[in-house]
Structure formats: structure tokens, C-alpha cells
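Each chain is listed here by its residues.
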Amino acid sequence: MLPGSERSVLQQFQRARLWSQLVWAGLTLLLAASGTAQAETIATGTRLGQHAERTRFVVDLSGPVEYRIFSLADPYRIVIELPAITWLVPRDGAISGRGLVSAYRYGQFSAAHSRIVLDLAEPAEIVTHFTIPAEQGGGVRLVFDLKPASREKFLETAGWPADLMPAPPVAIDVPQPGQIGDSDDALVIVIDPGHGGVDPGATSASGLIEKDVVLTMALALRDALLADGRLDVRMTRDDDRFLSLQERVAIARAAKADLFISLHADSVGRGRVRGASVYTLSDKAMNDEAEALAQSENAADVIAGVEIPEASSDVSGILIELAQRETKNLSISFAQTVIGELGQATSLLTDPHRYAGFRVLTAPDVPSVLIELGFLSNTDDEQSLQSADWQARVAGAISRAATTWFERRAAGTLGGVAAP
Ligand SMILES: [Zn+2]
């Protein structure tokens with residue numbers, strides 16, 4: 001049975017976005033209610049000015065505050081971190097930029113901190129900053145003067161302060177031929193028996209259950225792979241438990257797996273259909289996933305009050321797509337290798353290499369295939385799936401495919417694969 005639907009990725013993302021908007025609305029209300037009750041600093045104005053060679057940013061405050069400054073690249077931003085401040089700044093025109101600052105925003109982003117984010121039109125640095133003290137009962141002014149900087153100079157100091165890291169950035173290893181086997185680290189294979197626990201998967205007429213069949217098969221495959229002695233074999237589950245598709249992907253990514261194999265057994269209405277097939281991720285689903293993944297990574301910044309504008313979500317989207325393209329090619333080459341071996345061990349479905357939007361195949365940096373071992377709806381396949389001989393033969397075939405593929409990958413001889 002096919003796990004998950006690709007539609008739900010987008011729905012989940014939309015739901016998450018709606019949720020975060022609701023949270024923001026709630027926070028705003030909360031702050032409006034509590035802001036005046038606390039004797040905290042009040043911001044009454046912000047403005048930008050362009051003077052000869054520098055751009056000046058000014059904040060009017062009811063009293064002096066400690067602050068610190070850091071910068072973030074791609075897109076270029078300067079962030080001013082402040083204590084909790086009540087923002088009573090007229091909104092009109094406050095957002096538009098001038099000089100080196102293309103736009104800016106500000107706000108409370110946690111109980112203890114406020115932030116001002118200056119979006120830069122080009123790399124720039126704050127060359128001077130100071131507080132103009134209060135006079136005659138008035139407030140203080142924070143002044144920040146910006147001058148252009150080279151990209152190189154900007155990058156020297158750009159980055160999140162360690163204590164403020166919003167979330168670990170997604171580490172995407174773009175797998176490369178020749179990388180594998182260069183190190184002493186064992187190659188990691190994650191075997192993923194489909195379904196489990198409350199999710200039985202498909203069921204045969206005689207009551208054979210997919211979650212049990214694929215677990216037995218997965219354990220046989222694990223033993224076959226371990227016999228090679230060079231492989232680090234992990235299982236997403238080795239007992240009868242439920243795991244979400246996301247959790248399965250997360251396990252593969254956390255293990256920095258070199259290969260991910262999800263095992264399933266299909267069922268269709270027509271009892272004559274039989275044979276194994278191997279799936280890799282389809283383009284459509286990859287693009288949706290790249291978008292959703294980019295958006296969810298960016299969500300960390302949204303929560304931290306420095307949401308990245310549209311332009312840069314393209315940047316992370318491209319990085320993810322690059323990793324995915326390489327991963328996709330590796331997935332396809334493994335699919336072809338395993339089909340070659342499986343063809344010697346069991347019957348294959350017509351056009352055994354297929355493409356679909358399985359969420360379990362969406363790790364951008366782990367070559368992944370989903371093997372439908374056979375059809376529970378076919379009596380011949382059903383018999384095979386229960387046969388210890390057949391299981392050993394198929395486990396051997398998949399295991400040989402994995403070692404062959406790893407060797408070719410290490411030697412850089414996988415060759416080009418035609419994308420669908
Ligand atoms: Zn299944």
C-alpha cells in the first residue's frame with residue numbers, strides 16, 4: 001500500500017503558516033494588554049536619514065537601554081537586539097527605506113527582547129553608534145550610522161551570535177561521487193519497514209498483513225547487509241510500532257544515511273497483478289518538498305523576528321534543489337541497480353522503476369528508494385512473501401545491489417542517469 005499523500009505536505013505547511021499568524025496576532029494582543037502595565041522602556045519614533053556618505057538610523061526611546069548589534073548575510077541585514085520595549089511608534093511610513101537601508105522592521109520577539117532589523121540595499125556596516133542623553137525630561141536617542149562595506153568585509157563578522165541561534169540551520173550534505181568510502185566511517189543504510197502499530201498497511205485475502213511482512217523482510221535484509229561487515233545498518237523500527245513518515249525521514253537524516261530503503265507490499269483490486277517494483281521520488285513532489293522545506297527552515301527566522309523576505313527563500317530553495325538533484329540521481333541509479341538484482345530473485349512488475357510523491361522519500365540529502373516487494377492481492381506473491389526461501393533470496397538481492405552500488409559510487413563509476 002502506498003504511504004501518505006503528497007497533497008498533505010502543502011496542507012500542513014498552510015496550516016503551520018496560519019497557526020504562526022494566529023500566534024503572532026495573539027502575542028500582539030498580549031503585548032498591547034500588558035505593555036503599559038510594565039514600567040519598561042517605550043519607543044516613540046524611528047527614522048532614517050541619508051547624509052552625504054552615511055545612512056543614519058535613529059530610535060527615540062523613553063530611557064537608555066543596553067543593546068547589541070549583529071549582522072546576517074543573504075540577504076544582508078543588521079539586527080539591533082534590545083531589551084523588552086513597548087513600541088508606540090506611528091506606523092505611517094516607518095517601513096520604507098532610505099540610503100543603505102531598503103526597509104526595516106521592529107518588534108518584541110520574546111518576553112525579554114525586542115529587535116530592530118534593517119534590511120540592507122547592499123553590504124554595509126555600522127561605523128558609529130551612540131546614545132544621545134535625555135535633556136529636559138525628554139527621551140534618549142539611539143543613533144546608528146551606516147556606511148557601505150564590501151561583501152568580504154560584511155561576511156567577516158556576519159552571523160548569529162551563538163546564544164541567539166534561532167535553530168540549527170538545516171545541514172544539507174550534497175552527496176558526491178568519490179566522497180563515499182574515502183573516510184573510515186562505515187556506510188550507513190537505514191532500512192524502513194513500512195507501516196506498523198495502529199497502521200497495518202495492506203491485508204491479503206487470507207489475512208497476511210503488510211506491516212508484519214515488511215518487518216520480517218526488513219530483518220532478513222538487515223542480516224544480509226550486516227554479513228558484508230562494512231555497513232552500519234539501522235532500522236526505523238524493528239518491532240510493531242507506529243512511526244510517522246516525517247519521523248522515518250528524520251531518522252535517516254539524523255543518521256546521515258548513505259542509503260534509505262523503505263519496504264512495502266502492495267495491494268490492488270486485480271488479483272493477477274504481481275511482481276516487485278522500485279519507486280523514487282517524482283519531480284513534482286520534490287519541488288513541493290523543496291518549497292515546503294525551505295519555508296519551514298525559514299520559519300525559525302520568522303519566529304525570531306527576522307523573517308527572510310521572499311527573495312532569499314529562493315536561495316535556500318536552490319540549495320535544497322541542488323542537493324535534491326544529486327540525491328535524485330543517486331536514488332535513480334540505486335533503483336536501477338536494485339531492479340537488476342531483484343529481477344534475478346523474483347518477478348518484477350511491468351516498468352518496475354516508478355516515480356511517485358512518497359513523503360518517506362523526501363530527505364534532500366539521503367538517496368532513497370521505496371521497494372514494493374510484491375502484491376498481497378496476488379496469491380502467488382502472497383505465498384512468496386511468506387516463504388523463508390524467497391525472503392532470503394530477495395534480501396540477498398537487495399543487499400548485493402547495495403554493496404555493488406556503494407562500490408561503484410566510491411569508484412565514481414555510477415555513470416550518468418537519465419532523469420525522468
Ligand atoms: Zn505500504
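Residues numbered from 1 in each chain as written. Predicted model: local features only at pLDDT ≥ 70, side-chain atom pairs only at ≥ 80, totals over all residues. Heavy atoms only, no water.

Chemist: Any chance you could explain the side chain of Thr-337 here in plain terms?
Modeler: Relative to the helices and strands, Thr-337 resides in helix H6 (residues 310-345). Classification of Thr-337 by relative accessible area gives buried; the value is 11%. Not counting residues within four places of it along the chain, the set of residues in contact with Thr-337 comprises Ala-401, Thr-404, Trp-405 and Arg-408. (Helix = DSSP H or I, 4+ residues; strand = E, 2+ residues; numbered from the N terminus. Buried < 20%, exposed > 50% of the residue type's maximum accessible area, 1.4 Å probe, protein only. Contact = heavy atoms within 4.5 Å.)

Chemist: Looking at this structure, how should I read the sheet that holds strand S11 (residues 187-193)?
Modeler: Remark on secondary structure: sheet strands pair via backbone hydrogen bonds, oriented parallel or antiparallel. Here 6 strands make up an open sheet; going across it, the order is S12-S11-S13-S16-S14-S15 and the pairing mixed. Two strands bound the open sheet, and with one partner strand each, they are strand S12 (231-235) and strand S15 (348-356). Averaged over all pairs of adjacent strands, the angle between their axes in this sheet comes to 20°, without regard to strand direction. Here S11 runs beside strand S13 (residues 259-266); their pairing, made up of 5 bridges, is parallel. Across the sheet, residue Ile-189 finds its bridge partner in S13, namely Leu-259. Strands in contact with helix H7 (residues 379-386) are S13 and strand S16 (368-375); relative to S16, the strand with the most contacts, it is inclined by about 115°. (Pairing = 2+ DSSP bridges. Axes fitted to C-alpha atoms, helices over the stretch in contact; angles between N-to-C directions.)

Chemist: What is the right way to read the pattern of salt bridges from this model?
Modeler: Any two side chains of opposite charge can pair, given that their charged atoms come close. For the coordinates displayed, the defined rule picks out 18 salt bridges. Notably, a salt bridge pairs Asp-240 with Lys-211, separated by 3.2 Å at the nearest N-O pair. Of this pair, Asp-240 sits in the loop between S12 and helix H4 (245-254) while Lys-211 sits in helix H3 (residues 210-226), placing them 29 residues apart in sequence. Among the residues examined, Lys-211 registers a relative accessible area of 11% and is labelled buried. Arg-230 is paired through a salt bridge with Glu-407; the nearest N and O atoms lie 2.9 Å apart. Placement of the pair is Arg-230 in the loop between H3 and S12 and Glu-407 in helix H8 (residues 388-411), with a sequence separation of 177 residues. Assessed through its relative accessible area of 43%, Glu-407 is described here as partly exposed. Salt bridges linked by common partners bring Arg-47, Asp-60 and Arg-141 together as one network. (Salt bridge = Lys/Arg side-chain N within 4 Å of Asp/Glu carboxyl O.)

Chemist: Would you take a moment to explain the packing of H7 against H8 for this structure?
Modeler: The axes of two packed helices give the description: the angle between them and the distance between them. The geometry of H7 relative to H8 is characterised by a closest axis approach of 5 Å and an angle of 80° between their N-to-C directions. Regarding the angle of H7 to H8, the classification is roughly perpendicular. When H7 is examined against H8, the residues Ser-384, Leu-385 and Gln-386 are found in contact with a partner set consisting of Ala-388, Trp-390 and Gln-391. (Parallel < 35°, antiparallel > 145°, perpendicular 65-115°, else oblique.)

Chemist: Would you take a moment to explain H8 for this structure?
Modeler: Because an α-helix completes one turn every 3.6 residues, residues spaced three or four positions apart along the sequence face the same direction. Spanning 24 residues, H8 covers 34 Å between terminal C-alpha atoms, matching the ideal 34 Å at 1.5 Å per step. Just downstream of H8 lies Gly-412, where phi reads positive at about 70°. (Expected span 1.5 Å × (residues − 1).)

Chemist: Any chance you could explain the sheet that holds strand S1 (residues 41-51) here in plain terms?
Modeler: Reading across from one edge, S5-S1-S2-S10-S9 is the order of the 5 strands in this open sheet, with mixed pairing throughout. Edge positions in the sheet fall to strand S5 (85-87) and strand S9 (124-132), since each has one partner strand and no second. Looking at each pair of strands side by side, their axes are set apart by 30° on average, direction ignored. Pairing between S1 and strand S2 (residues 54-61): 8 bridges, direction antiparallel. Bridged to His-51 within S2 is Arg-54.

Chemist: Please clarify how the packing of aromatic side chains should be interpreted in this entry.
Modeler: Where two aromatic rings form a pair, the distance of their centres and the angle of their planes describe that pair. Counted by the stated rule, this structure contains 7 aromatic pairs. Where Tyr-279 meets Phe-358, the ring centres are 5.0 Å apart and the plane angle is 85°; that geometry is what we call edge-to-face. Taken together, the residues Tyr-279 in strand S14 (residues 276-281) and Phe-358 in the loop between S15 and S16 connect sequence positions 79 residues apart. The pair Tyr-279 / Phe-358 is uniform in exposure class, with both members buried. Taken together, the ring pairs connect Phe-57, Tyr-67, Tyr-104 and Phe-144 into an aromatic cluster. (Phe/Tyr/Trp six-rings, centres within 6.5 Å; stacked < 30°, edge-to-face > 60°.)

Chemist: Help me out: how do you make sense of the confidence of the model for the protein in this one?
Modeler: Fine structural detail should not be taken from predicted coordinates in areas where pLDDT scores are low. With 73% of its residues at a pLDDT of at least 70, the protein reaches an overall mean of 79. Here helix H1 (residues 7-34) stands out as the least confident element of the protein, with mean pLDDT 47; S11 is the most confident, with 96. This stretch, residues 23-38, has a pLDDT under 50; its non-local contacts, to residues over four places away or in other chains, come to 6 contacts. In this model residues 297-313 is a low-confidence stretch, pLDDT under 50, and it forms 38 contacts with partners more than four residues away in sequence or in other chains. (pLDDT = per-residue confidence, 0-100.)

Chemist: How should the packing of H3 against H8 be read in this particular structure?
Modeler: Two elements in contact, H3 and H8, have axes separated by 8 Å at closest approach and are oriented at 50°. Between H3 and H8, the angle is such that the two are oblique. Note that H3 runs across H8; the crossing there is right-handed. Across from Thr-216, Met-217, Ala-220, Leu-221, Ala-224 and Leu-225 in H3, the residues of H8 making contact are Trp-390, Gln-391, Val-394, Ala-395, Ile-398, Ser-399 and Ala-402. (Left-handed = near helix turned anticlockwise from the far one by under 90°.)

Chemist: Is there a simple way to think about the pairing of S13 in this case?
Modeler: In terms of burial, S13 is largely enclosed, as 8 of its 8 residues are buried. A two-sided burial pattern is seen for S13, the buried positions comprising Leu-259, Ile-261, Leu-263 and Ala-265 on one face and Phe-260, Ser-262, His-264 and Asp-266 on the other. Direction of pairing for S13 relative to S16: parallel, over a ladder of 6 bridges. When the bridges of S16 are listed, Ile-261 appears paired with Val-369.

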